[in-house]
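Residue strings, one per chain:
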Amino acid sequence: MNQIVVENIVKTYGTGDSQFTAVADMSFQVAPGEFVGVMGESGAGKSTLLSILGALNAPTSGRYRVDDIDVYGLSREKQADFRREFLGFVFQNFQLVPYLTVLENVMLPLTTCSLKRREKKEMATRALETVGLMEKAGHLPTAISGGEKERTAVARAIVNEPPIILADEPTGNLDTRNTGEIMTLLRDLNKKGATIIMVTHSRACARYADRIMTIADGRLLPAINRVKPAHQDPVKRVG
Amino acid sequence: MTLKDIAIKNLMRRKGKAFFVLAGLVIGVATVVGIISFIEAMTRDINHKLEKFGANILIVPETKNLPLVYGGMNLGGVSFEAREIDQSGLSEIRTIKNAANIAAVGPVVLGTVVIEGKKVLMAGIDFDATHVLKPWWEIKGAAPSGSEVIAGADAAETLNLSVNQIISVNGELLRVAGILASTGSQDDHLVFTALPVAQNLLNKKGVVSMVEVAALCNACPIDEMVNQISGKLPGARTMAIQQVVKGRMETLGQFTRFSYLISGIVVVIGGMIVLVTFMGSVRERTREIGIFRAIGFRKKHVMGMTFMEAGILSVLGGIIGYGLGFGATWIGAGVLSEGLSKMVAFDLTLAVGALSLAVIVGLAASAYPAFMAAQMDPNQALQTL
């Protein structure tokens with residue numbers, strides 16, 4: 001299932017005159033298996049929203065539920081468990097651990113799982129095969145290209161097969177060819193059943209989504225529902 | 001991939017910092033081990049030397065009078081002939097709680113005899129015990145057996161005695177088996193024979209004038225032993241000859257206290273090095289810790305990684321520190337005295353203690369950085385989402 005329900009979420013920073021509202025009374029739902037693009041100007045509140053959805057940043061008010069789980073009603077440690085079991089993160093700027101190899105970076109979310117070393121390695125290998133990066137498994141992040149780093153980040157996000165993938169500007173540092181590859185990868189994962197919420201500045205990337213949510217000044221603008229193009233790659237088409 | 005793998009990889013990546021922490025721990029542990037090993041070696045050496053001094057417990061007949069003796073001059077007072085100790089009770093000495101610490105028990109019977117027309121002080125002793133009680137004795141001739149005597153250097157000179165000479169002692173003919181080299185003590189004035197012979201000559205069968213006891217002082221509480229012997233021999237007065245022991249032990253005790261203070265300061269400095277280095281490391285790894293927390297690491301996992309790094313370095317620091325401290329003590333003791341270096345011995349308790357100290361200091365000093373790392377807000381740490 002994994003229905004995402006956001007109800008009247010508000011997030012403010014600071015107090016008194018310096019108080020700033022990053023997310024203002026936002027409510028929406030994301031259906032299981034949906035691919036949602038979140039767009040907006042810089043400072044609109046996209047990343048704050050994604051951090052709230054990632055159980056990393058408690059809202060000032062409002063509720064965030066995944067199925068029947070009130071995420072911010074959980075203790076901090078249970079929130080960590082929730083992130084491990086329900087979420088896969090694709091961070092902006094890859095966020096790979098520099099002293100671990102590509103394979104080890106992909107295995108990171110499995111570190112605290114009670115699986116055998118062999119099983120963890122098999123799962124990481126499958127994730128690397130999915131993103132087509134098996135030949136770089138033993139390389140350090142410093143020895144691979146930007147596109148390969150992003151694919152490593154995607155492999156890490158999917159290694160424990162989470163139902164929800166949160167991606168923050170996953171193609172922000174990539175050229176057109178790599179952008180196309182990553183978006184195709186995300187679309188394939190979505191086809192396999194993963195719910196994807198992706199923050200992006202790129203309209204081309206947003207066109208891979210079923211639905212685009214646009215945020216301005218912390219508020220959600222009316223939704224745009226899209227029908228995915230069946231035979232054309234939006235990145236190539238729009239450039 | 002486990003938390004341990006991440007901890008080891010991080011240590012390998014930050015070799016300089018790891019070495020700095022290791023150096024702090026090694027210096028702290030090596031200092032403590034070195035000082036303790038040195039103190040132990042010195043204690044052993046002093047005890048060994050004290051054992052060579054011979055008797056360190058004296059049992060004399062109980063008297064309520066003060067002896068009027070000063071500088072070897074007897075100005076009257078209680079005569080040694082006034083009271084004696086019953087010899088049959090001496091076997092009780094070997095039954096005290098610290099009997100294992102008794103190296104030798106030497107009963108002595110004293111009395112005056114006439115040799116070649118001159119009055120001489122004769123001592124009847126147990127020659128087997130005397131080897132332990134008076135190891136410095138050098139006998140020209142042979143050790144006596146049966147009805148033989150040995151004469152002190154002054155006594156031999158005064159009486160004009162020579163080895164193998166037959167002398168008349170209270171009318172009994174005895175052979176001079178040997179003559180003692182000068183000892184600088186009262187022994188030079190005496191003539192010695194076996195205890196039963198002397199008892200017979202002095203008509204003191206079944207009694208002794210005093211008893212000398214050599215106690216092995218290494219870890220033996222001499223005052224307690226004195227009390228234990230006193231309990232067994234109620235009619236006698238037991239004294240510890242402990243001025244020299246106490247003086248040396250007090251000096252050693254002062255040195256020990258000062259050394260422990262220095263060790264404590266060095267250990268605290270070592271701990272501070274670990275604390276500061278780990279705090280720096282945690283700050284440097286803010287982003288990494290943010291990643292770990294974001295992908296589902298619990299606080300205990302983050303703390304666990306820091307403790308594992310500290311634990312690995314602590315164990316290494318403990319082992320290297322013990323080796324270094326032990327080696328430095330051995331070399332240092334050898335430079336000071338060859339005899340002292342022989343007293344430096346491997347001590348399993350100290351080795352385990354050193355390892356435990358390193359682990360305790362390492363983990364205690366890294367506790368605050370580990371706590372800080374675990375408390376880190378993953379969202380702020382990442383500064384991206």
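Residues numbered from 1 in each chain as written. Chains lettered and ligands numbered in written order. Predicted model: local features only at pLDDT ≥ 70, side-chain atom pairs only at ≥ 80, totals over all residues.

### Regarding the overall build of chain B
Rules: Helix and strand definitions follow DSSP, with helices as H or I runs of at least four residues and strands as E runs of at least two, each counted in order from the N terminus. The exposure scheme places C-beta atoms from the backbone and then counts, for each residue, the other C-beta atoms within 10 Å of its own, assigning buried at 20 or more, exposed at 12 or fewer, and partly exposed in between. In this description, a residue-residue contact is defined by the distance between C-beta atoms placed from the backbone, which must lie within 7 Å.
Of the regular secondary structure elements, chain B holds 12 helices and 14 strands. Taken across its 385 residues, chain B has 39% of its residues classed as buried. A separation threshold of at least 6 residues defines the contact pool for chain B, and within that pool the share at least 24 residues apart is 83%.

### Details of the overall build of chain A
Helix and strand content of chain A: 8 helices and 11 strands. A buried classification covers 49% of the 239 residues belonging to chain A. The long-range fraction of contacts in chain A, counting pairs at least 24 apart against all pairs at least 6 apart in sequence, stands at 69%.

### As for helix α5 (residues 146-158) of chain A
Helical geometry note: an α-helix holds 3.6 residues per turn, so side chains three or four residues apart project in the same direction. Residues and elements named next belong to chain A. Counted only if it meets this: Multiplying one less than the number of residues by 1.5 Å gives the expected span of a helix.
Under the 1.5 Å per step criterion, the end-to-end length of α5 is 19 Å for 13 residues, consistent within 8% with the ideal 18 Å. Taken across its 13 residues, α5 has 11 buried, putting it largely inside the fold. Regarding α5, the residues found buried are Glu 148, Lys 149, Glu 150, Arg 151, Thr 152, Ala 153, Val 154, Ala 155, Arg 156, Ala 157 and Ile 158. Buried positions along α5 lie against β6 (87-90), α3 (102-107), α4 (117-130), β7 (164-168) and α6 (176-191).

### Re helix α1 (residues 3-13) of chain B
Heads up, the condition is: Starting at the helix axis, one direction is taken to each C-beta atom, and the arc is that of these directions.
Turning to α1(B), its buried residues number three or more, namely Leu3(B), Ile6(B), Ala7(B), Asn10(B) and Leu11(B). What you see down the axis of α1(B) is that its buried residues fit within an arc of 135°, all on one side.

### Re the interface of chain A and chain B
In plain terms, the rule: Side-chain classes are defined by residue name, with Ala, Val, Leu, Ile, Met, Phe, Trp, Tyr, Cys and Pro counting as nonpolar, Asp, Glu, Lys and Arg as charged, and the others, Gly among them, as polar.
The interface is formed by 28 residues belonging to chain A together with 22 residues belonging to chain B. Listed by contribution, the elements that provide at least two residues to the side of chain A that touches chain B are α1 (46-53), α2 (76-86) and α3 of chain A. Tallying contributions element by element places α2(A) first for the side of chain A that touches chain B, with 5 residues. When grouped by side-chain class, the residues that make up the side of chain A that touches chain B number 12 nonpolar, 9 polar and 7 charged.

### Quick word on the nonpolar core
Put simply, the rule reads: Joined through C-beta atoms within 7 Å, a set of buried Ala, Val, Leu, Ile, Met, Phe, Trp, Tyr and Cys residues constitutes a nonpolar core.
Membership of the largest hydrophobic core comes to 125 residues, with the highest contact counts inside it found for Val38(A), Ile165(A), Ile196(A) and Val29(B). Here this core gets 13 residues from one element, more than from any other, and that element is helix α2 (residues 15-52) of chain B. Once you skip the residues sitting within four places of it in the chain, Val29(B) turns out to touch Gly317(B), Gly318(B), Gly321(B), Tyr322(B), Gly325(B), Ala354(B), Leu357(B) and Ala358(B). Membership of the second largest hydrophobic core comes to 44 residues, among which are Ile115(B), Val149(B), Ile179(B) and Met210(B).

### Some remarks on the pairing of β6(A)
All names here are of chain A. Filter applied, for reference: In this description, strands pair whenever DSSP reports at least two bridges between them.
What you see with β6 is no split at all: Leu 87 and Phe 89 on one side and Gly 88 and Val 90 on the other are buried throughout. Judged from the 4 bridges that link them, β6 and β7 form a sheet pairing that is parallel. Looking across to β7, one finds that Phe 89 is bridged to Leu 166.

### As for the sheet that holds strand β1 (residues 4-13) of chain A
Residues and elements named next belong to chain A. Basically, it comes down to this: Angles shown run from 0 to 180 degrees and are taken between the N-to-C directions of axes, each axis being a line fitted to C-alpha atoms and, for helices, limited to the stretch in contact.
Here we have 4 strands laid out as an open sheet, ordered β2-β1-β4-β5, and antiparallel in their pairing. The sheet is open, and its two edges are formed by β2 (20-30) and β5 (69-70), each paired on a single side. Inspection of the sheet shows β1 paired to strand β4 (residues 61-66) by 5 bridges, in the antiparallel sense. In the strand pairing of β4, Ile 4 is matched with Val 66. Running at roughly 55° to β2, α1 makes contact with β1, β2 and β4 of the sheet.

### Re unusual backbone geometry
Residues and elements named next belong to chain B. In this structure, Asn 170 takes a positive phi of about 50° despite not being glycine. With respect to the element layout, Asn 170 can be found in the loop between β9 (166-169) and β10 (172-180). Asn 170 sits in the partly exposed class, given 15 other C-beta atoms within 10 Å. A positive phi is found at Asn 203, a non-glycine position, where the angle reads about 60°. Summarising the element assignment, Asn 203 is placed in the loop between α5 (195-201) and β12 (207-208). When the 9 C-beta atoms within 10 Å are taken as the criterion, Asn 203 is described as exposed.

### A short note on the pairing of strand β9 (residues 211-216) of chain A
All names here are of chain A. Bridge count between strand β3 (residues 35-40) and β9: 5 bridges; the pairing is parallel. What sits directly across from Val 38, in β9, is Met 213. In the sheet, β9 pairs with strand β10 (residues 219-220) via 2 bridges, with the strands oriented antiparallel. Following the sheet pairing, Ala 216 is matched in β10 by Arg 219. Here β9 hands over to β10 after 2 residues, with Asp 217 in that stretch at a positive phi of 50°.

### Let's talk about the confidence of the model for chain A
How we decide: pLDDT is a residue-level measure of predictor confidence that goes from 0 to 100.
Here chain A shows a mean pLDDT of 87. Residues at 70 or above account for 92%. Throughout residues 235-239 of chain A the model reports pLDDT below 50, and contacts reaching past four residues in sequence, or to other chains, amount to 11 contacts.

### Some remarks on the packing of helix α9 (residues 299-336) of chain B against helix α11 (residues 348-375) of chain B
What describes two packed helices is the angle between their axes and the distance between those same axes. Residue and element names in this part refer to chain B. As a reminder, the rule being used: Each angle is binned into one of four classes, with values under 35 degrees roughly parallel, values over 145 roughly antiparallel, values of 65 to 115 roughly perpendicular, and all other values oblique. For a crossing to be left-handed, the near helix must be turned anticlockwise from the far one by less than a right angle; the clockwise case is right-handed.
Packing of α9 against α11 brings their axes to within 7 Å, and their N-to-C directions diverge by 150°. Accordingly, the angle class assigned to the pair α9 and α11 is roughly antiparallel. Like other packed secondary-structure pairs, α9 and α11 cross with a definite hand, here right-handed. In the contact of α9 with α11, the residues fall into 20 nonpolar, 8 polar and 1 charged.

### A look at the environment of Ile312(B)
All names here are of chain B. For Ile 312, the position within the fold is in helix α9. Classification of Ile 312 as partly exposed rests on a count of 17 C-beta atoms within 10 Å. Between the C-alpha atoms of Ile 312 and Gly 362, which are 50 residues apart in sequence, the distance is 9.2 Å. Contacts of Ile 312, omitting those with residues within four sequence positions, involve Ala 7, Ile 8 and Leu 11.

### Description of the environment of Val6(A)
For Val6(A), the position within the fold is in strand β1. In this structure the C-alpha to C-alpha distance between Val6(A) and Arg65(A), which are 59 residues apart in sequence, comes to 6.5 Å.

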